[in-house]
Amino acid sequence: MNTSHHRWRQARPVPTARPGAPGPVDHAKIGRSSVRRRARGMTHGEAVTALEDAEQDAHMNRRHEDLADDGGRGEAELVEWRRIGQLLATTGGPYDPDADAVVQEELAADRRRKEAEQQRLQEQQQLAGRADELARLAGAGRLDRTVESRPGDEAARDLLGDRGDYRTAAVDGWLARALADRSGHYADPAARAAAVESLPVPVRARAALLAALARTGAPAADGELEFVGRLAQADPVATNALAAWLDTALDPTAPASAGKDGTA
């Protein structure tokens, strides 16, 4: 038996996460990949011998505390040697990872995870960009009815809130107006229904009262109904109640609960 092989195995360092690495090191995965590289081209008999060597290595490493804890790599290597041995007992040899269904499925899963992560990062970047855009417009006093709402603006608003951005209040007013007007992506009933779950209660209450006031027919320029936002922030329940009362007063056939969900 090759003793130098055992000495190399015992001295093998356990990989650790590098600074800036995307996540923790998967020692078991590293172990399986190492076995597959070494097993390429092996016959069944050679794989059995390699398994015996690996079992001997594991036995020797258990005697050394600094080698025993390898993050699960050693056990994963043993399991993989056994699997490859069983595979070759059925198919013969030589072993080819490219023709190993288990290996190929793992690689496909890795690709799917990578693609999903790339998509998630892209969506995060787009969300941050939209939040920055809304904040700039609000800061410049240009976040008005000429700016159409888009799908995802609720999440952009939440991001600004999480940042503690003082312009979040202006974005809230703009979203409430868009919801009341059913403009932008709120022209879609599904988007209005989703707003009930995604927008803060005061924003929805503000939208409900703005919509009810619009039904009175009284014209109001941007900024003239700023008191609605203060009412909604102070007492959204009372604001919704006022919106419902106005709806009933304007249309006696309307249900008493009209507008209370803030979807206008």
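Reading the values: rules and limits
- Residues numbered from 1 in each chain as written.
- Predicted model: local features only at pLDDT ≥ 70, side-chain atom pairs only at ≥ 80, totals over all residues.
- Heavy atoms only, no water.
- Helix = DSSP H or I, 4+ residues; strand = E, 2+ residues; numbered from the N terminus.
- Expected span 1.5 Å × (residues − 1).
- Buried < 20%, exposed > 50% of the residue type's maximum accessible area, 1.4 Å probe, protein only.
- Axes fitted to C-alpha atoms, helices over the stretch in contact; angles between N-to-C directions.
- Parallel < 35°, antiparallel > 145°, perpendicular 65-115°, else oblique.
- Left-handed = near helix turned anticlockwise from the far one by under 90°.
- Contact = heavy atoms within 4.5 Å.
- Nonpolar A, V, L, I, M, F, W, Y, C, P; charged D, E, K, R; others polar.
- 1 Å grid on protein atoms, 1.4 Å probe; cavity = no way out; pocket = protein on both sides within 12 Å on 5 of 7 lines; lining within 4 Å.
- Points joined across faces, edges and corners; volume = space filled by probe spheres on them.
- Salt bridge = Lys/Arg side-chain N within 4 Å of Asp/Glu carboxyl O.

S.K.: Would you mind going over helix α5 (residues 73-91) with me for this structure?
M.R.: In an α-helix, one full turn covers 3.6 residues, which means residues spaced three or four apart are oriented alike. The end-to-end C-alpha separation of α5 is 26 Å, in line with the 27 Å expected for 19 residues at 1.5 Å each. All of the buried residues along α5 are Arg 73, Gly 74, Ala 76, Glu 77, Leu 78, Glu 80, Trp 81, Arg 83, Ile 84, Gly 85 and Leu 88. One or two steps after α5, the chain reaches Gly 92, where phi turns positive at roughly 85 degrees.

S.K.: What exactly am I supposed to notice about the packing of helix α2 (residues 27-39) against α5 here?
M.R.: If you want to describe how two helices pack, look at the angle between their axes and the distance between the axes. Two numbers describe how α2 lies on α5: the axes approach to 8 Å, and their chain directions differ by 40 degrees. Taken together, the axis directions place α2 and α5 in an arrangement best described as oblique. Seen along the crossing, α2 lies across α5 with a hand that is right-handed. In contact with His 27, Ala 28, Ile 30, Gly 31, Arg 32, Ser 34, Val 35, Arg 36, Arg 38 and Ala 39 of α2, α5 contributes Arg 73, Ala 76, Glu 77, Glu 80, Trp 81, Arg 83 and Ile 84. Looking at the contact of α2 with α5 residue by residue, the class counts come to seven nonpolar, three polar and seven charged.

S.K.: For this particular structure, what's the right way to read the layout of surface pockets?
M.R.: Rolling a probe over the atoms, with the probe sized like a water molecule, indicates the empty space that remains. When its volume is computed, the largest pocket comes out at roughly 670 Å³. Lining the largest pocket are 26 residues, and of these Ala 169, Ala 170, Gly 173, Trp 174 and Arg 206 lie nearest its centre. Among the elements of the structure, α8 (168-181), α10 (201-214) and α11 (226-234) are those that each provide at least two residues to the lining of the largest pocket. For the lining of the largest pocket, the class distribution of residues is 12 nonpolar, five polar and nine charged.

S.K.: What should I look at first to understand the pattern of salt bridges in this one?
M.R.: Opposite charge on two side chains makes pairing possible when the charged atoms of those side chains draw close. The final tally for this structure, using the stated rule, is 24 salt bridges. A salt bridge links Asp 181 to Arg 177, with the shortest nitrogen-to-oxygen separation between them at 3.5 Å. Taken together, the residues span about one helical turn, with Asp 181 and Arg 177 both in helix α8 at a distance of four residues. Of the residues examined, Arg 177 reaches a relative accessible area of 14% and is grouped as buried.

It is worth stressing that arrangement in space is one thing and function is another; only the former is reported here.
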